[in-house]
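As a plain string of letters, each chain reads:
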Amino acid sequence: MTVTAGHNIPNRSPLMAFLSRWLLTTNHKEIGTLYMWLSFVLFFIAGAMAMVIRMELFQPGIQFAEPLLYNQMVTMHGLIMVFGVVMPGFVGLANWQLPLMIGAPDMALPRLNNFSFWILPFAFTLLISTLFMEGGAPNFGWTFYAPLSTTYGPPSTDVFIFGVHLMGISSVLGAINIIVTIFNLRVEGMTLMKMPLFVWTWLITAFLLVMVMPVLAGAVTMILTDRHFDTSFFAAAGGGDPVLFQHVFWFFGHPEVYILILPGFGIASQIIPTFARKKLFGYHSMVYATASIAILSFVVWGHHMFTTGMPLIAELFVMYATMLIAVPTGVKVFNWVATMWRGSITFETPMLFALGFVILFTIGGFSGLMLALVPADFQYHDTFFVVAHFHYVLYPGAIFGIMSAVYYWLPKWTGNMYDERLGKIHFWTAIIAINMTFFPMHFLGLAGMPRRIVDYSLQFADFNMVASFGAGMLGLTQVLFLYIVIKTIRGGKKATGRVWEGAEGLEWTLASPAPLHTFETPPKFPTPEEDYPRD
Amino acid sequence: MISVTTRFRLHRCLTFFALLGSSNMAFAAEMDMRAGVTDMSQRILQLHHYSLAICVVIGLLVFGTMFYSMYAHRRSKHPKPATFHESLRVEVIWTTVPILILIGLAIPATSALIDIEDNSDADLTVLITGSQWKWHYQYLEADLGYYSNMATPEEQINNFETKGRNYLLEVDRALVLPTDKKVRFLTTADDVIHSWWVPDFAVKQDAIPGYINEAWTRINTPGLYRGQCAELCGKDHAYMPIEVEVLAEEEFDQWIVDQRLAIELASGQAVADRAKTWTMAELIDIGQQVYLDHCATCHEADGSGQGSTYPALAGGEIPNGPMAAHISRVMNGAVDTEMQAWAPQLSDLELASVITYERNAFGNTTADIVQPITIFEAR
């Protein structure tokens, strides 16, 4: 997405120059661009899998996907969306924006940065290649519960394990880089409590990544040794415990879902003040709320496992801890609303996506609170109610977060304004399609439709058809997004350095597009033109 | 292939949003959690409504404030933004008020949960064992047990026949339970994790290999209740329904007596089957049906299999190899694969006929005949 030329090495063919520029780059902006494109490409691949799923569920009966293929689609859609779209998308934004927002010339560990990106294309090539292997791709859901993934997993499970290891290494290295950058390269005067919220949320996310990705690595390694080295971690017949797998997986998995949303909180906290032309309300409580959510995320993994036969006392503890997460999350939502209150609001595309994020994420939060109530969870668990819940927090949450960030910073990256009219069309079609796709899933779940089934009984037909129509519309509208991004890269109205009238922060003191190398001499902080410097 | 029913459903979809506002009871029933037929299922429905109502009220307040702000504080109406950005007092208020609301939610949830987990003093215990992709029910007090398989024919699934009213939710042999008795369920599994769920009882309990989990219900109304496996358990996870027939207490006791009698008769029948020498045609006739009921879901009706996971039987190594190995594979299954042990699930006659069928169908021409007595001796 940068239009600035890299370091040209003389006497090379254009192709070699192109390859060496992108393969060997250690520039945070170029690496950020690579992450964003990888995320974008995988978004369409995993989205296409969602289309297969929704086509099959359009009507009762088997039409397009046999059960084995359907299970592969469900698994790969989840894995790629989580590890290939949202995580690299957020890391790409971090690469681009963190140095610009803290006044650093680059990430602290640029070569490591290159390495952590270039692991990923190989990891996902491996993962996607399993679709073409004998026995098919992994078909046990992205949660790969044992023994379905051990004794009964297809041969490609081993390739999947290797791919997950690679992704984990990439994430941990990327997270270390982010932590080191934030702690060491902040401009003079930017104390921790003066950092922009996006930087704060990413700092906390990076700590979550460093703590839980090794747990995931441990889980897949135990799966591997159970499969091939005669261990019985998860095999009851050998004295192991299938439920142990779920404990280990969700000890990773629950912090993971906050990894997928905290940077989105940060993005909303940047964008809403800009377009409300008013300082973020309750900066300190926003930071403390984010930290509380992160800490609580380590003690609530059991709420994914209420039906496994947990003892009463554990169910009660996990239920209370889970309900408690609603408090800091509520504080964040209230602060965003208070930021808007008596501001001077305009509704450019980034703001629309940020508002869509707050409203629909909150709906996902409500269903999350309902799911925390154990007796009701016995009815909701493993139904489409859960599918509706996590798509509400992930699509209008994580994905809308990334999209609003792209619209917000794209003029800074490319020097061109995106097409505002198309951006608004993208937003409105997306928000209609999202609700049409995922809202009826609440009803399906309540009426008794289990998740991950290839075929369903007749009383579920109507809402499934509505959801499939919505999904088709949702898929098409993202093609429009791709068009808008490409159009902006290729040209358009020139953006000013400040881009947005109400924007605050160091990145807006730079020219648009941001030159390849920035802040080689540290900027002044707070910036002289900031109307309302932080206290 | 847009059929008339499709167009009809399409039409209903389009009018769906129009109907949302009206009080259409048919839709209302499909949109809410099922009330069910136990005190607990109704209590959970109340909890669901209570938490939903709290969420809706909070949502209306928060979103109402947001939309009001979007309207009243938009730049064209409110050009000069305020400068306030902090207030300890409101932060304290909107931290403590939600905590109080949560306590109000936690109290009914806790009391319901304590009752759900009280598995003591059951009148009747049923051991439920999940395996790919069927349920086995064992009445521990009555020494009675049987498998329950989905009864929906392949033709309906593949759209060659009109789908029945209970499409995918019907079984060959339902679990039978009495009303007004505390029934305890013990759940476990033979292979992977399954989950036994009947929404009308509000019972969902994972069936995990190596574990025996507990749950209980007390059903108020006789009738037929349906559910499905709720935990992804492999290829045919969607085809593992549950059907429960609930009888009044005296009818249930009579049913148990009848079942005991049927077992006596069946063992007499088995002796007769063993005594008889069956012809190839007879065995193939029975064997084909057994094959379609139990084997075709993986190995396919034409024996072509599905890749390496479910090997082809047409020209396959085992159906064309030594007969003893074939019998052993069908009776005992294959370790660490989805090939199950069928010896406990099928009768001598069924096993003999399906093996005979496999050795003489799909182009396999061994001309071997397996008699029930051979199976009986192999047990």
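Residues numbered from 1 in each chain as written. Chains lettered and ligands numbered in written order. Predicted model: local features only at pLDDT ≥ 70, side-chain atom pairs only at ≥ 80, totals over all residues.

A. Representation of the overall build of chain A in the model. If you tally the helices and strands in chain A, you get 15 helices and 0 strands. Over its C-alpha atoms chain A spans a radius of gyration of 23 Å, differing by no more than 12% from the 24 Å that the globule rule assigns to 535 residues. For the C-alpha atoms alone, the extent of chain A along its principal axes is close to 65 × 60 × 40 Å. A buried classification covers 63% of the 535 residues belonging to chain A. Across chain A, contacts joining residues at least 24 apart in sequence account for 82% of those joining residues at least 6 apart. (Helix = DSSP H or I, 4+ residues; strand = E, 2+ residues; numbered from the N terminus. Rg over C-alpha atoms; globule rule 2.2 N^0.38 Å. Buried ≥ 20, exposed ≤ 12 C-beta atoms within 10 Å, placed from the backbone. Contact = placed C-beta atoms within 7 Å.)

B. Looking closely at the overall build of chain B. Looking only at helices and strands, chain B features 10 helices and 10 strands. Taking 379 residues into account, the globule formula puts the C-alpha radius of gyration at 21 Å, and chain B, at 28 Å, lies well above it. Judged by the C-alpha coordinates and their principal axes, chain B covers about 95 × 55 × 40 Å. For chain B, the residues scored as buried account for 33% of the 379 residues in total. Long-range contacts, defined here as pairs at least 24 residues apart, represent 63% of the contacts in chain B between residues at least 6 apart.

C. Structural detail: the sheet that holds strand 10 (residues 241-247) of chain B. All names here are of chain B. Pairing is mixed across the open sheet formed by 5 strands, whose spatial order is 4-10-9-6-7. Each edge of the open sheet is held by one strand with a lone partner, namely strand 4 (175-178) and strand 7 (203-207). Averaged over all neighbouring strand pairs, the angle between strand axes comes to 25°, with direction disregarded. Looking at chain direction, strand 9 (residues 223-229) and strand 10 are connected through 6 bridges and run antiparallel. (Pairing = 2+ DSSP bridges. Axes fitted to C-alpha atoms, helices over the stretch in contact; angles between N-to-C directions.)

D. A look at the interface of chain A and chain B. Facing the 83 residues of chain A at the interface are 86 residues of chain B. For the side of chain A that touches chain B, the elements supplying multiple residues, two or more each, are helix 3 (67-102), helix 7 (242-259), helix 10 (312-340), helix 11 (349-372), helix 12 (374-380), helix 14 (420-447) and helix 15 (461-490) of chain A. If one sorts the elements of the side of chain A that touches chain B by residue count, helix 10 of chain A sits on top with 14 residues. The class makeup of the residues in the side of chain A that touches chain B is 51 nonpolar, 21 polar and 11 charged. (Nonpolar A, V, L, I, M, F, W, Y, C, P; charged D, E, K, R; others polar.)

E. View of the confidence of the model for chain A. Residues and elements named next belong to chain A. Residue-level pLDDT values for chain A average 93, and 96% of them are 70 or greater. In the predicted structure, residues 1-5 sits below a pLDDT of 50 and forms 17 contacts with residues beyond four places in sequence or in another chain. Here residues 531-535 is modelled with pLDDT under 50, and outside its nearest four sequence neighbours on either side it reaches 5 contacts, counting other chains as well. (pLDDT = per-residue confidence, 0-100.)

F. Seen up close, unusual backbone geometry. Cis peptide bonds are those with omega within 30 degrees of zero, and the linkage from A:Ser512 to A:Pro513 qualifies with -5°. For A:Pro513, the position within the fold is in the segment after helix 15. Note that the residue after A:Phe525, namely A:Pro526, is joined by a cis bond; omega there is -5°. Locating A:Pro526 in the fold gives a position in the segment after helix 15. Of note in the backbone geometry, B:Ala202 takes a positive phi value of approximately 55° without being a glycine.

G. Highlighting helix 10 of chain A. All names here are of chain A. End to end, helix 10 covers 43 Å across 29 residues, agreeing with the expected 42 Å (1.5 Å per residue, within 8%). Taken across its 29 residues, helix 10 has 22 buried, putting it largely inside the fold. Once helix 10 finishes, Arg-342 follows within two positions and takes phi at roughly 60°, a positive value. (Expected span 1.5 Å × (residues − 1).)

H. Just the sheet that holds strand 3 (residues 144-148) of chain B, in detail. All names here are of chain B. Taking strand neighbours across the sheet as the criterion, the 5 strands line up as 3-2-1-5-8 in an open arrangement whose pairing is mixed. Two strands lie at the open edges of the sheet, namely strand 3 and strand 8 (213-217), each paired on one side alone. The sheet shows a mean angle of 25° between the axes of neighbouring strands, direction not considered. Looking at chain direction, strand 2 (residues 134-139) and strand 3 are connected through 5 bridges and run antiparallel. Each residue of the ladder has a partner; that of Tyr-137, found in strand 3, is Tyr-146.

I. Region of the structure containing the packing of helix 13 (residues 384-414) of chain A against helix 14 of chain A. Residues and elements named next belong to chain A. The contact between helix 13 and helix 14 brings their axes to 7 Å, and the two run at 165°. Considered as vectors, helix 13 and helix 14 are oriented roughly antiparallel to each other. The way helix 13 lies across helix 14 gives a crossing that is left-handed. Note on element contacts: helix 14 touches helix 13 through Gly-423, Ile-434, Phe-438, Met-441, His-442, Leu-444, Gly-445 and Leu-446, opposite Phe-384, Phe-385, Val-386, Val-387, Ala-388, His-391, Tyr-392, Tyr-395, Pro-396 and Tyr-407. (Parallel < 35°, antiparallel > 145°, perpendicular 65-115°, else oblique. Left-handed = near helix turned anticlockwise from the far one by under 90°.)

J. Spatial organisation of the domain arrangement of chain B. Residues and elements named next belong to chain B. The domain architecture assigned to chain B consists of domain 1 (24-116), domain 2 (124-258) and domain 3 (276-378). With 8 residues of domain 1 in contact, the opposing surface of domain 2 contributes 11 residues. Within the side of domain 1 that touches domain 2, the residues separate by chemical class into 3 nonpolar, 3 polar and 2 charged. (Domains from an automatic or database assignment.)

K. Geometry of the environment of B:Gln156. All names here are of chain B. Its place among the elements puts Gln-156 in helix 5 (residues 154-157). Remark: the alpha-carbon pair of Gln-156 and Leu-168, spanning 12 residues in sequence, is separated by 9.2 Å. In this view, Gln-156 contacts Glu-161, Lys-163, Gly-164 and Tyr-167; residues no more than four positions away in its chain are not counted.

L. Fine view of the pairing of strand 6 (residues 194-198) of chain B. Residues and elements named next belong to chain B. Counting buried positions along strand 6 gives 5 out of 5 residues, so the element sits mostly inside the fold. What sits between strand 6 and strand 7 in their antiparallel hairpin is a turn of 4 residues, with Ala-202 showing a positive phi close to 55°. The sheet contact formed by strand 6 and strand 9 spans 2 bridges and is antiparallel. Looking at strand 9, one finds that Trp-197 is bridged to Gln-228.

M. Structural view of the packing of helix 10 of chain A against helix 11 of chain A. Residues and elements named next belong to chain A. Contact geometry of helix 10 with helix 11 gives a least axis separation of 10 Å together with a crossing angle of 160°. Comparing the axis directions of helix 10 and helix 11 gives the class roughly antiparallel. When the axes of helix 10 and helix 11 are compared, the crossing they make is left-handed. Within the contact between the two elements, helix 10 uses Met-319, Thr-322, Met-323, Ala-326, Thr-329, Val-333 and Trp-336 and helix 11 uses Val-358, Thr-362, Gly-365, Leu-369 and Ala-372.

N. Region of interest: the pairing of strand 10 of chain B. Residues and elements named next belong to chain B. Extensive coverage of strand 10 is indicated by the burial of 5 of its 7 residues. For strand 4 and strand 10, the ladder comprises 4 bridges, and the chain directions are parallel. For Pro-178, the partnering residue across the bridge sits in strand 10 and is Leu-247.

O. Looking closely at helix 6 (residues 249-275) of chain B. With 27 residues, helix 6 of chain B extends 40 Å from end C-alpha to end C-alpha; this agrees with the ideal 39 Å at 1.5 Å per step. Counted residue by residue, helix 6 of chain B has 1 buried out of 27 residues, so it is predominantly exposed.

P. Representation of the environment of B:Thr277 in the model. Position of B:Thr277 relative to the elements: it lies in the loop between helix 6 and helix 7 (280-299). Between the C-alpha atom of B:Thr277 and that of B:Ile99, which follows or precedes it by 178 residues, the distance is 76 Å.

Q. Focus on the confidence of the model for chain B. All names here are of chain B. Chain-level statistics for chain B give a pLDDT mean of 88 and a share of 92% at 70 or above. For chain B, helix 1 (residues 4-21) is the element with the lowest average pLDDT, namely 44, and strand 6 is the one with the highest, namely 97. Under the prediction, the complex receives an ipTM of 0.92, its pTM being 0.88.

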